[in-house]
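Observations on the model geometry
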Amino acid sequence: MGNATEKYTYRVEWSEEDSAHVSRCLEFPSLAAHGNTVGDALANIMLAVEESVKWLAEEGAPVPVPFGMKSYKGNISLRIPAETHRKLAMQSAEAGVSVNQFILSKLSAQA
């Protein structure tokens, strides 16, 4: 398998329903693979990603960029109901921080 597939983000989990390890690639959410071991499942999804990248390139279609290679600005534009915004403004004022810092602290606690 090529180095390009190693830059994608993979997850392997046990599936009781399938009685196997199930692997996925976050950049290719429609793909999944199975394996009797974690290593088998990972190798199988990496092969599926490698084949998908080849196929997309042959078709001239865009190939997903690995998350680790993307550049992020650190800005998120979020639309929320006005009432939620009001509540956040009040809670952040009570905490003595900006709305941005208040939301960031809540998100950091969940990560």
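As shown above, the structure is provided for reference.
Read on for a plain summary of the structure. Note that this is a predicted model, so its numbers are computed, not measured.

Mapped onto the elements of the fold, Ser15 is located in strand E1 (residues 10-15). Here Asp18 takes part through its backbone nitrogen, which lies 3.1 Å from a polar atom of the side chain of Ser15. Leaving out residues up to four positions away in the same chain, Ser15 has contacts with Ala20 and Val22.

For the rest of this paragraph, the subject is helix H1 (residues 38-59). When the terminal C-alpha atoms of H1 are compared, their 32 Å separation across 22 residues agrees well with the 32 Å that a helix rising 1.5 Å per residue should span. Considered for burial, the residues of H1 that qualify are Ala41, Ile45, Met46, Val49, Glu50, Ser52, Val53 and Leu56. In this fold, the buried residues of H1 make contact with E1, strand E2 (20-25) and strand E3 (28-35). Note on H1: the residue one or two positions beyond its end, Gly60, has a positive phi of about 75 degrees.

The next thing to look at is the environment of Val49. Looking at the secondary structure, you find Val49 in helix H1. Judged by relative accessible area, Val49 falls into the buried class, the value being 0%. Here the alpha-carbon distance between Val49 and Glu27, two residues 22 residues apart in the chain, equals 9.2 Å. Residues within four places of Val49 in sequence aside, it is in contact with Thr5, Tyr8, Tyr10, Cys25, Phe28 and Leu31.

Definitions and cut-offs
Residues numbered from 1 in each chain as written. Predicted model: local features only at pLDDT ≥ 70, side-chain atom pairs only at ≥ 80, totals over all residues. Heavy atoms only, no water. Helix = DSSP H or I, 4+ residues; strand = E, 2+ residues; numbered from the N terminus. Polar contact = N/O pair within 3.5 Å; in protein donor to acceptor, adjacent residues only side chain to side chain. Contact = heavy atoms within 4.5 Å. Expected span 1.5 Å × (residues − 1). Buried < 20%, exposed > 50% of the residue type's maximum accessible area, 1.4 Å probe, protein only.

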